[in-house]
Amino acid sequence: MAGITWHYVLKFIITGDAAVGKSSLLVRLTDQRFLANPDPTLGVEFGSKLIEIPEEGKIVKLQCWDTAGTESFRSITRSYYRGAAGCLLVYDVTSRASFANARSWLADVREHADPHLTCILVGNKVDLCEESGEGTSSGRREVPTEEAERWAEEEGLLFVEASAKSGRNVEAAFEQASRDILDKIKRGV
Ligand code: GDP
């Protein structure tokens, strides 16, 4: 990476219920891999990645923090949120409970994070809702796209459906949020 520099360093946090795929999204972003059976006790804590925002001519260094299993204790502290410019609020499109709980994760973010933080709602595991050709994996969706989209709009969140497994929209989610953050920086927000 010698010679590569970046224009901005943006801290991102990834929140949401246990098992929605937060660590998997981070591993996909930084390592282009997917682990079908990750060790839940070894949550990935941190990953970093350079992305380009071509319209802005800027290179952004993403520094992403995962809750690494602490979500079940709801013990996420202020230091986790400190300095975060972006947040991925993740639910699992095949779990209505995880979508319902996104409300309380958002309340937590709003309580602890900077009010200008850019938050993107990410409906993960969308691969499980696609026609597989084997007729086994369609129809597992519990959260309709339109419903999540509507809620995101009401709450002023960006929104995307993604899959850590296939890689679909993973980098795009971070890019979309980064674009919004750069826009806020430009406007002096
Ligand atoms: P976390 O607790 O939110 O960090 O969730 P993990 O990343 O540990 O993932 C929980 C489980 O869901 C693991 O078995 C993953 O392999 C699986 N998983 C994560 N993302 C996806 C995805 O996009 N599609 C599918 N089919 N499974 C996923």
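About the criteria used
- Residues numbered from 1 in each chain as written.
- Predicted model: local features only at pLDDT ≥ 70, side-chain atom pairs only at ≥ 80, totals over all residues.
- Heavy atoms only, no water.
- Helix = DSSP H or I, 4+ residues; strand = E, 2+ residues; numbered from the N terminus.
- Buried < 20%, exposed > 50% of the residue type's maximum accessible area, 1.4 Å probe, protein only.
- Contact = heavy atoms within 4.5 Å.
- Areas by Shrake-Rupley, 256 points an atom, 1.4 Å probe, with all protein chains shown as cover.
- Phe/Tyr/Trp six-rings, centres within 6.5 Å; stacked < 30°, edge-to-face > 60°.
- Lys NZ or Arg CZ within 6 Å of the ring centre and 35° of its normal.
- Pairing = 2+ DSSP bridges.
- pLDDT = per-residue confidence, 0-100.
- Near = heavy atom within 4 Å.
- Polar contact = N/O pair within 3.5 Å; in protein donor to acceptor, adjacent residues only side chain to side chain.
- Nonpolar A, V, L, I, M, F, W, Y, C, P; charged D, E, K, R; others polar.

The chain appears in an unreviewed UniProt entry as Ras-domain-containing protein from Leucogyrophana mollusca.

Trainee: How should the overall build of the chain be read in this particular structure?
Mentor: Broken down by element type, the chain carries five helices and six strands. Listed by position from the N terminus, the elements making up the chain come as β-α-β-β-α-β-α-β-α-β-α. In the chain, which comprises 189 residues, the proportion classed as buried is 44%. In the chain, 73% of the contacts between residues at least 6 apart in sequence involve partners at least 24 apart. Accessible area of the chain: about 9600 Å², with a carbon and sulfur share of 49%.

Trainee: Help me out: how do you make sense of the packing of aromatic side chains in this one?
Mentor: Taken as a whole, this structure holds four aromatic pairs when the rule is applied. Their ring planes at 55° and their centres at 5.4 Å tell us that Phe 12 and Phe 174 sit as a pair that is tilted. Residue Phe 12 is located in strand S1 (residues 8–15), and its partner Phe 174 is located in helix H5 (residues 170–186); the two are separated by 162 residues in the primary sequence. Through successive ring pairs, a cluster of aromatic residues spans Tyr 91, Phe 99 and Trp 151. Its end group placed over the ring of Trp 6, Lys 61 keeps NZ or CZ at 4.2 Å from the ring centre.

Trainee: Help me understand the pairing of strand S3 (residues 58–66), please; the structure alone is not making it clear to me.
Mentor: Consecutive side chains along a regular strand alternate between the two faces of the sheet. Pairing of S1 with S3, which is carried by seven bridges, proceeds in the parallel orientation. Along S3, the bridge assignment pairs Val 9 with Lys 61.

Trainee: I would appreciate a short explanation of the confidence of the model for the chain in the present structure.
Mentor: Note that predicted coordinates carrying low pLDDT should not be read in detail. Mean pLDDT for the chain: 88, with 85% of residues reaching 70 or above. Reported confidence for the predicted complex is 0.99 by ipTM and 0.91 by pTM.

Trainee: Can you help me understand the site of the ligand in this one?
Mentor: Near the ligand you find 20 residues, and of these Ala 19, Lys 22, Ser 23, Ser 24 and Asp 127 are the closest. Between an oxygen atom of the ligand and a side-chain N or O atom of Lys 125, the distance comes to 3.0 Å. Within the complex, the protein chains bury 82% of what would otherwise be the 580 Å² of accessible surface of the ligand. The dominant element in the shell around the ligand, judged by the number of residues it contributes, is helix H1 (residues 22–31), at three residues. Tallied by class, the residues present in the shell around the ligand amount to nine nonpolar, five polar and six charged.

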